[in-house]
Amino acid sequence: MGLTKQYLRYVASAVFGLIGSQKGNIVFVTLRGEKGRYVAVPACEHVFIWDLRKGEKILILQGLKHEVTCLCPSPDGLHLAVGYEDGSIRIFSLLSGEGNVTFNGHKAAITSLKYDQLGGRLASGSKDTDVIVWDVINESGLYRLKGHKDAITQALFLREKNLLVTSGKDTMVKWWDLDTQHCFKTMVGHRTEVWGLVLVSEEKRLITGASDSELRAWDISYLQEIEDPEEPEPKKIKESSPGIQDSHEAEDGTLEMDEAPEDRILTCRKAGSIMREGRDRVVNLAVDRTGRILACHGTDSVLEVFCILSKEEIQKKMDKKMKKAKKKAKLNSCNEEEEDLEVNVKMTLQDEIQRVANIKTSAKIKSFDLIHTPQGELKAVFLLQNNLVELYSLNASMPGPQPVRTNRITIGGHRSDVRTLSFSSDNIAILSAAADSIKIWNRSTLQCIRTMTCEYALCSFFVPGDRQVVIGTKTGKLQLYDLASGNLLETIGAHDGALWSLSLSPDQRGFVTGGADKSVKFWDFELVKDENSTQKRLSVKQTRTLQLDEEVLCVSYSPNQKLLAVSLLDCTVKVFYVDTLKFFLSLYGHKLPVICMDISYDGALIATGSADRNVKIWGLDFGDCHKSLFAHDDSVMYLRFVPKSHLFFTAGKDHKIKQWDADKFEHIQTLEGHHQEIWCLAVSPSGDYVVSASHDKSLRLWERTREPLILEEEKEMQREAEYEESVAKEDQPAVPGETQGDNYFTGKKTIETVKAAERIMEAVELYREETAKRREHKAICKAAGKEVPLPINPILMAYGNISPSAYVLEIFKGIKSRIHFGQITSNQMLVPVIEKLKETTISKVSQVRDVIGFNMAGLDYLKRECEAKSEVMFFADATSHLEEKKRKRKKREKLILTVT
């Protein structure tokens, strides 16, 4: 039976218009041997590598579905660890751009990633409050560290010692001994969330940033140094307080929690505080790789840069202070001893950590990264809130250094959300307009070919001929632009309120506008003499006005230009005759205003999308509602028919684009990819392309393929996707002997692991069946005295008539493992080793089985002996068994008495 109706599938083609998304952090990466030139930024589910010098995108690290939340380059500069919102981590090669290693262990978004000094281990922190340490080389999880009560904000390895320090939104800073995988110290002195921490001064000092204007500094003393007799005795630490107090609570700083001396690996003493200029919380706190420059920023656009002095510089400063104090003492004729001078001259924390400069960016900072060039210059790169990347340079060694902005990436996207999209008539150019600019994109290359400044744009279209564009603004103006020169030709005050909608007339001689001033206005194109040139230019003139009782939200011409549909704020759609402007139909039924609508190519149907989340399909002949569809989980923002068909697309605030059949009233396909509300979309005149814009700052292009789409298969795929999500959200099964606090369980169940386990179980079952069948066949042949052909299993035949054990090996090789099984199975030199392991394993398992069987037999014998002596059984049904034995004994006794 053939298909009654064939649909063609639309697939995601590209993501553009996005420089960097807000949830992740920007980092410098080493590429082609150059440092400080290339940066990696999160771009929704992808990672973009930008060349700061050229302002070009040179590499895309392809993600799968979930948004990127954290980036961390490896110490060797060859790899990039990427954390995602679903808790997964992928490690990409910066040479090939491929992500071959995936870690799945967290249940929520990754908030922190950090490599150790050699790059062999990776610590990940998540919103699920867990920290997991991963073995990057073996591609496996080592252990899970539980203890925080809220999201992890930072995790750092110590270079010289096998320790890890973490901070969280639970106000705690925890120290972990990685040899024993336990927390040996908890710092509880912060009153608010700890948003960041860094180690400086050769890991002898810890600096933390919280929700106030203080950067707290803590001096670290290690137990080995305290016990070393050659070292001077450290200052005594007050142990009266139960935890580390705040600077407002004690004059001399406070100390760690009381711990047994034998359990204490290090001590932390409050050294003081550095006051920030910002009054809000610390968003990011970081040091460069040299550990000399410390920088932090809040929720504003200022980065505060500090310099951490070395021991030599501190000693020089102390010597200068001593000289000044001696001079002053001589001038004052004081006979103070030198020891008293040394007591009076003290080096404060502000002297050791000095403020260098403030870097003021053009917008609010979302994240930053630092790098020190060999020339001694500090480079700071910023990912800003308005979809912008800026690079500043600063010479910290100079007195009074001034930051200089050296590079900026702006062309690749808008500064604010795109509110309107349009296709040119030849399907080649795409127009996107936002609050301050219009951009023209080449659809095939996705390059921005023109940028023009404008007012807040709400609607747009290409003028027939594709040489000019018309924009409707939030202030009610019509703006006409010439694409060749990029100049604004004319600005016309069309409406007193926002100009919500434009509709080009089918005869292409004019258009109609609808605005918040309760009016619909008709406009015609005309040629007027240009004041600056002898040639004529395009202009528009108003011809008619239709005054209504409510604000106009959307207008649409019918294809024959006989009818005009107008959506009003009173939740109705009114249809008028174009020639006389007389009322024809009223379409009412939506509970909230109709935000978007479109009329089919033949004028038979009109589809309306509303804020009540429903789409209604109406007949334009009588205004009857053919069908009401619950389309989205939030407001329907845009609706467009595919040219020359009764298929249409809807976009909603639920981050989804859906395709519908207006004849069969069926949902055809869902296009998922955006991570925030979708504001608008446009369908190309050929129907082959769809472009959409979202609050996540991205523009996405969708392309129609030649692949047929069958609705039953789509529904089945949707059910499978729902099942996968449910599997991922399930709790881990209880393992005998495992408790909730065990630290070694680092993985999580996914649909991939479930399917892999099922394949292994099926392979083992087939191996058992085939082995038993071959054993029986051998016995039959031996009894018959002749060879009888054995029927071959079709599965083994499909694999080339291999043995059952070889089939199990093939299944294992086809499953993605967490360790390097591939190197073992592909190395011929290891075949004898594997064979030896196979023999040894079988013999050892047999030996253990014999021992267990012997022990079970002995226990069974002892059980029977005990039962015989005391008539007591060891199991839950012992009472019933004993009663049964007594009943049988009495029955026998009665029979004996009867016989006698």
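This one's a predicted model, so the numbers in the text were calculated from it and none came from an experiment.

Glancing now at the confidence of the model for the protein chain. Summarising the model, the protein chain shows a mean pLDDT of 85, and 87% of its residues fall at 70 or more. In this model, residues 226–263 is a region of pLDDT below 50 whose contacts with residues beyond four sequence positions or in other chains number 62 contacts. A low-confidence stretch, residues 733–744 stays under pLDDT 50, and its non-local contacts, those more than four residues away or across chains, total 13 contacts.

Turning our attention to the sheet that holds strand β40 (residues 519–529). Ordered in space as β38-β39-β40-β41, the four strands form an open sheet in which the pairing is antiparallel. Each edge of the open sheet is held by one strand with a lone partner, namely β38 (499–504) and β41 (536–547). On average, each strand axis in the sheet is tilted by 25° relative to the strand beside it, whichever way the strands run. In this sheet, β41 lies alongside β40 in antiparallel orientation, the contact comprising 11 bridges. Paired with Phe522 across the two strands is Arg544, which belongs to β41.

The next subject is the environment of Ser273. You can see Ser273 is positioned in strand β21 (residues 266–275). For Ser273, a relative accessible area of 16% puts it in the buried group. Considered as a pair, Ser273 and Thr208 are 65 residues apart in the sequence and their alpha carbons are 9.5 Å apart. A distance of 2.7 Å separates the side chain of Ser273 from the side chain of Glu214, its partner in a polar contact.

The next subject is a nonpolar patch on the surface. Taken together, Val848, Ile852, Met856, Leu859, Tyr861 and Leu862 make up a surface patch of nonpolar side chains, about 620 Å² in accessible area. For Met856, the position within the fold is in helix α10 (residues 831–870). By relative accessible area, which is 54% here, Met856 ends up exposed.

Below, the discussion takes up the nonpolar core. In this structure, Phe16, Leu421, Phe649, Ile657, Val691 and Leu701 are the most contacted members of the largest nonpolar core, which totals 33 residues. Listed by contribution, the elements that provide at least two residues to this core are β1 (7–16), β30 (420–423), β51 (647–652), β53 (666–672), β54 (678–683), β55 (689–694) and β56 (699–709). For this core, the element with the most residues is β54, which contributes five residues. In this structure, Ala357, Leu370, Leu378 and Phe382 belong to the second largest nonpolar core, which totals 20 residues.

Scanning the entire structure with this criterion turns up 13 aromatic pairs. Here the aromatic rings of Phe382 and Tyr392 are separated by 5.6 Å at their centres, their planes lie at 85°, and the arrangement is edge-to-face. With Phe382 in strand β27 (residues 378–384) and Tyr392 in strand β28 (residues 388–394), this pair connects stretches of sequence that are 10 residues apart. Residues Phe382 and Tyr392 agree in their burial class; the two are buried. Every member of this aromatic cluster is reached through a ring pair, and the members are Phe461, Phe511, Trp523 and Phe525. Lying across the ring of Trp195, Arg281 places its NZ or CZ 3.8 Å from the centre. The ring of Trp679 is capped by Arg419, whose NZ or CZ atom sits 4.1 Å from the centre of that ring.

On to the sheet that holds β1, then. An order of β1-β56-β55-β54 is seen for the four strands of this open sheet, with the pairing classed as antiparallel. This sheet does not close on itself; its edge strands, each paired only once, are β1 and β54. The average undirected angle you get between the axes of adjacent strands in this sheet is 25°. The pairing of β55 with β56 spans five bridges and is classified as antiparallel. Residue Val690 lies in a different strand from β56, and its bridge partner there is Trp702.

The next subject is a positive patch on the surface. Among the surface-exposed residues, Lys886, Lys888, Arg889, Lys890, Arg892 and Lys894 lie close enough to one another that they form a single positively charged patch. If you trace the backbone, Arg889 turns up in helix α11 (residues 878–899).

Our focus in this paragraph is the side chain of Ser600. On the secondary structure map, Ser600 appears in the loop between β46 (594–599) and β47 (605–610). Side-chain polar atoms of Ser600 contact the side chain of Asp602, separated by 2.7 Å.

Once that is clear, we can look at empty space enclosed by the protein. Scanning all chains against the criterion turns up one cavity of 30 Å³ or more. In this structure, the largest cavity occupies an estimated 50 Å³ of space. Around the largest cavity, the lining residues are Val470, Leu478, Gln479, Leu480, Glu490, Ile492, Phe511 and Val540. For the lining of the largest cavity, the element with the highest residue contribution is strand β36 (residues 477–482), accounting for three residues. When its residues are assigned to classes, the lining of the largest cavity shows six nonpolar, one polar and one charged.

Right, let's get into the pairing of strand β37 (residues 488–493). The pairing of β36 with β37 spans five bridges and is classified as antiparallel. Across the sheet, the residue bridging to Leu478 is Ile492, located in β37. Connecting β36 to the antiparallel partner β37 that follows it, the hairpin turn spans five residues, and Gly486 within it adopts a positive phi of roughly 75°.

Cut-offs and rules
- Residues numbered from 1 in each chain as written.
- Predicted model: local features only at pLDDT ≥ 70, side-chain atom pairs only at ≥ 80, totals over all residues.
- Heavy atoms only, no water.
- pLDDT = per-residue confidence, 0-100.
- Contact = heavy atoms within 4.5 Å.
- Pairing = 2+ DSSP bridges.
- Helix = DSSP H or I, 4+ residues; strand = E, 2+ residues; numbered from the N terminus.
- Axes fitted to C-alpha atoms, helices over the stretch in contact; angles between N-to-C directions.
- Buried < 20%, exposed > 50% of the residue type's maximum accessible area, 1.4 Å probe, protein only.
- Polar contact = N/O pair within 3.5 Å; in protein donor to acceptor, adjacent residues only side chain to side chain.
- Patch = residues over 30% accessible without salt bridge, like charges linked within 9 Å, V, L, I, M, F, W, Y side chains within 5 Å.
- Areas by Shrake-Rupley, 256 points an atom, 1.4 Å probe, with all protein chains shown as cover.
- Salt bridge = Lys/Arg side-chain N within 4 Å of Asp/Glu carboxyl O.
- Core = buried A, V, L, I, M, F, W, Y, C linked by side-chain atoms within 4.5 Å.
- Phe/Tyr/Trp six-rings, centres within 6.5 Å; stacked < 30°, edge-to-face > 60°.
- Lys NZ or Arg CZ within 6 Å of the ring centre and 35° of its normal.
- Lys, Arg positive; Asp, Glu negative; His and termini not counted.
- Charge placed at Lys NZ, Arg CZ, Asp CG, Glu CD.
- 1 Å grid on protein atoms, 1.4 Å probe; cavity = no way out; pocket = protein on both sides within 12 Å on 5 of 7 lines; lining within 4 Å.
- Points joined across faces, edges and corners; volume = space filled by probe spheres on them.
- Nonpolar A, V, L, I, M, F, W, Y, C, P; charged D, E, K, R; others polar.

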